[in-house]
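One letter stands for each residue in the lines below.
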Amino acid sequence: MNDDLCPLVKKLDPYVGQVVRLMPNSASTPRSTPVRRGAHPGSSSSAQCRETGERMSGTSKWGGAAAAVTIALSLSACSIPGAGGAPETDGITLPAIEMLTGDVSYYGQLFMNGVELAVDEVNAAGGIDGRQVNLVKEDNASGNSQTVTLLRKYCSDTSVGILIAPTYQTNSDAGGPITNACGLPTVTGVGDINDGTNPDGFMFKNTTVRLPDQVESTLEYAIAKAGATSVAQITDTSVGPYVLYQEAGSAYLANEGVTETSGQSVNGSLSSYGPQITALVSDDPDLVVVTLQPNDAAHFMAEARDRGLDAQFVATCGCLNDPSIFATSHGAAEGFLSSSPNPPPAQAGDLAPGFDAFVTAYTQKFGEFTSPEAVYTYDSALLVFEAIRQAGTSTDREKLRAALEDMPEFCGGLCYVNTGGGTFATTELYFTSLTAKGFVIDE
């Protein structure tokens, strides 16, 4: 990888700004503690990532819809002859499997919206060498068994050379061995590639590196911000990844010698969090890590304030960046800390022009922008399009896998670097706090 492109770490004064540079885990890149930087990400690596996106797209301006900004405009000029796999057809079939029903359908619908927007944009720009992309929406009902069934179906369909796999971590873990065994490349937005799930290198993820980097960095920031000496957690253990975030948080607190006063667990949504809040009030922590689904988090914070819990609230996973939490909590979530690889939409502007353009396009299509989660699968689709362009085929699975493996960096709504092992990792992390007008970069 060219060290001049998208450098991961810059040594600048700690705690000066609200952005950290993440050093993702990889076989070739040693993990490093994220370092705060005082400069805005419009300079240095973010600018270089944007330049990379411009080179990939063949355009020198960031403007209009985000797909036109980065990759989509380049696709209509690409020649894609038949090469391996099934014969190339007039259209390109792109299945996308998400959690449209079930326990995590809130996220699943957002993720599918991101894919749909990217497909609409590339088709409006002329498709890939004049070939329209046919999106096939699949619902895995938030379940592992349905995920496996759908992936096996596409393993045997040689007209499909690549697909977008479900973002839910437990579904991803269950599906990875299936697609690896049949040699079907998949791209997923968000999540980690866990041990044993990608033995042959056919799974790819464009993601923020949540475990443990984002969890640890956000905890470090929130502890310093609140002057906390004691921390508690409340976690919905019915959501598999949430358990991993809780465990990563506990490990960090133990390593840093910070007292973890209470670990409250719930199994799904509750009508009242009374017992958990009673325990938290008794323990009197300075900081409470909230890892619940958005509506549940809002209800918990409202009830907690009513019952006298005055601790600072924080989410360490980047999965609670929905500004509606403020209204749902009746204002109790004011000051709620979080972190995200993208700045808040209202502050994106020059900080992250690709994300700013994505927000505009998303709002135009779906009416409102509620959460940044959709940008990951939007970028997953753009990454698929770029792989097809570079591979010169939409059906030859080995060529598509190789194209992804050899791509050093990538810019869509966000910018990523290929850190090896299938991971395209974001490099920015913004610390934010919730206000009545939404999340803002925390000052």
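Here, the structure is the one placed above.
Residues numbered from 1 in each chain as written. Predicted model: local features only at pLDDT ≥ 70, side-chain atom pairs only at ≥ 80, totals over all residues. Heavy atoms only, no water.

Student: Before we go on, may I ask you to explain the overall build of the protein chain in this structure?
Tutor: Secondary structure assignment for the protein chain yields 14 helices and 17 strands. A buried classification covers 60% of the 443 residues belonging to the protein chain. Long-range contacts, defined here as pairs at least 24 residues apart, represent 69% of the contacts in the protein chain between residues at least 6 apart. Approximately 15500 Å² of the protein chain is accessible, and the part contributed by carbon and sulfur atoms is 48%. (Helix = DSSP H or I, 4+ residues; strand = E, 2+ residues; numbered from the N terminus. Buried < 20%, exposed > 50% of the residue type's maximum accessible area, 1.4 Å probe, protein only. Contact = heavy atoms within 4.5 Å. Areas by Shrake-Rupley, 256 points an atom, 1.4 Å probe, with all protein chains shown as cover.)

Student: Help me out: how do you make sense of the nonpolar core in this one?
Tutor: In a soluble, globular protein the nonpolar side chains are often hidden away together inside. Phe300, Phe336, Phe358 and Phe385 are the most contacted members of the largest nonpolar core, which has 95 residues in total. No other element matches the twelve residues that helix α13 (residues 374-391) contributes to this core. Not counting the four nearest positions on each side in its chain, Phe300 is found in contact with Ile234, Tyr273, Ile277, Leu280, Val288, Val290, Leu292, Leu309 and Phe313. Formed by eleven residues, the second largest nonpolar core is a distinct cluster that contains Val148, Leu151, Ala165 and Ile178. (Core = buried A, V, L, I, M, F, W, Y, C linked by side-chain atoms within 4.5 Å.)

Student: How should the state of the cysteines be read in this particular structure?
Tutor: Formally, a disulfide is one covalent bond, and it connects the sulfur atom of one cysteine to the sulfur atom of another. If you walk through the whole model with that rule in mind, you get three disulfides. Covalently, Cys155 is tied to Cys182 through a disulfide, its sulfur atoms 2.0 Å apart. Between Cys155 and Cys182 the disulfide shows an S-S torsion of about -65°. By sign, it is left-handed. Of this pair, Cys155 sits in helix α5 (residues 144-155) while Cys182 sits in helix α6 (residues 169-182), and the two are 27 residues apart along the sequence. Among the residues examined, Cys155 registers a relative accessible area of 16% and is labelled buried. Note on Cys182: relative accessible area 28%, which makes it partly exposed. Cys411 shares a disulfide with Cys415; S-S distance 2.0 Å. The sign of the 105° torsion about the S-S bond sets the Cys411-Cys415 disulfide as right-handed. The exposure class assigned to Cys411 is buried, which follows from its relative accessible area of 1%. (Disulfide = S-S within 2.5 Å.)

Student: How should unusual backbone geometry be read in this particular structure?
Tutor: Note on backbone geometry: most residues besides glycine have negative phi, and most peptide bonds are trans. Here the phi dihedral of Asp129 falls at roughly 55°; this positive angle occurs in a residue that is not glycine. Among the structural elements, Asp129 can be located in the loop between α4 (105-124) and β4 (133-139). Taking relative accessible area as the criterion, Asp129 reaches 33% and is therefore assigned partly exposed. The phi dihedral of Ser142 falls on the positive side, at around 65°, and the residue is not glycine. Topologically, Ser142 is positioned in the loop between β4 and α5.

Student: Which parts of the structure should I look at to understand the pairing of strand β7 (residues 203-207)?
Tutor: Looking down a regular strand, the side chains alternate between one sheet face and the other. The element β7 is largely enclosed, with a buried count of five among its five residues. Here β7 shows no split at all, with Met203, Lys205 and Thr207 on one side and Phe204 and Asn206 on the other all buried. Looking at chain direction, strand β6 (residues 186-189) and β7 are connected through four bridges and run parallel. Note on β7: the bridge partner recorded for Thr186 is Met203. Bridge analysis of β7 against strand β15 (residues 423-426) gives three bridges, and the strand direction is parallel. Looking across to β15, one finds that Lys205 is bridged to Thr423. (Pairing = 2+ DSSP bridges.)

Student: How should I be thinking about the pairing of β4 in this particular structure?
Tutor: Direction of pairing for strand β3 (residues 92-98) relative to β4: parallel, over a ladder of seven bridges. Its bridge partner lying in β4, Glu98 is registered against Asp139. Chirality of the crossover, the property in question, places the unit of β3, α4 and β4 among those that are right-handed. (Right-handed = clockwise from strand over helix to strand, strands pointing away.)

Student: Honestly, the pattern of salt bridges in this entry has me stumped. Any pointers?
Tutor: In a structure, side chains of opposite charge can pair up when their charged atoms sit close to one another. Applying the stated criterion across every chain, the model contains nine salt bridges. The salt bridge involving Lys365 is made with Glu116; its shortest N-O contact spans 3.4 Å. Taken together, the positions of Lys365 in helix α12 (residues 353-366) and Glu116 in helix α4 put the pair 249 residues apart, joining distant regions of the chain. Using a relative accessible area of 32% as the deciding quantity, one classes Lys365 as partly exposed. Close ionic contact of Asp442 with Lys225 constitutes a salt bridge, the shortest N to O distance being 3.1 Å. Here Asp442 is found in the segment after β17 (438-441), whereas its partner Lys225 is found in helix α7 (residues 210-226), with 217 residues between them in sequence. Taking relative accessible area as the criterion, Lys225 reaches 39% and is therefore assigned partly exposed. One connected set of salt bridges, linked through shared partners, spans Glu116, Asp120, Lys137 and Lys365. (Salt bridge = Lys/Arg side-chain N within 4 Å of Asp/Glu carboxyl O.)

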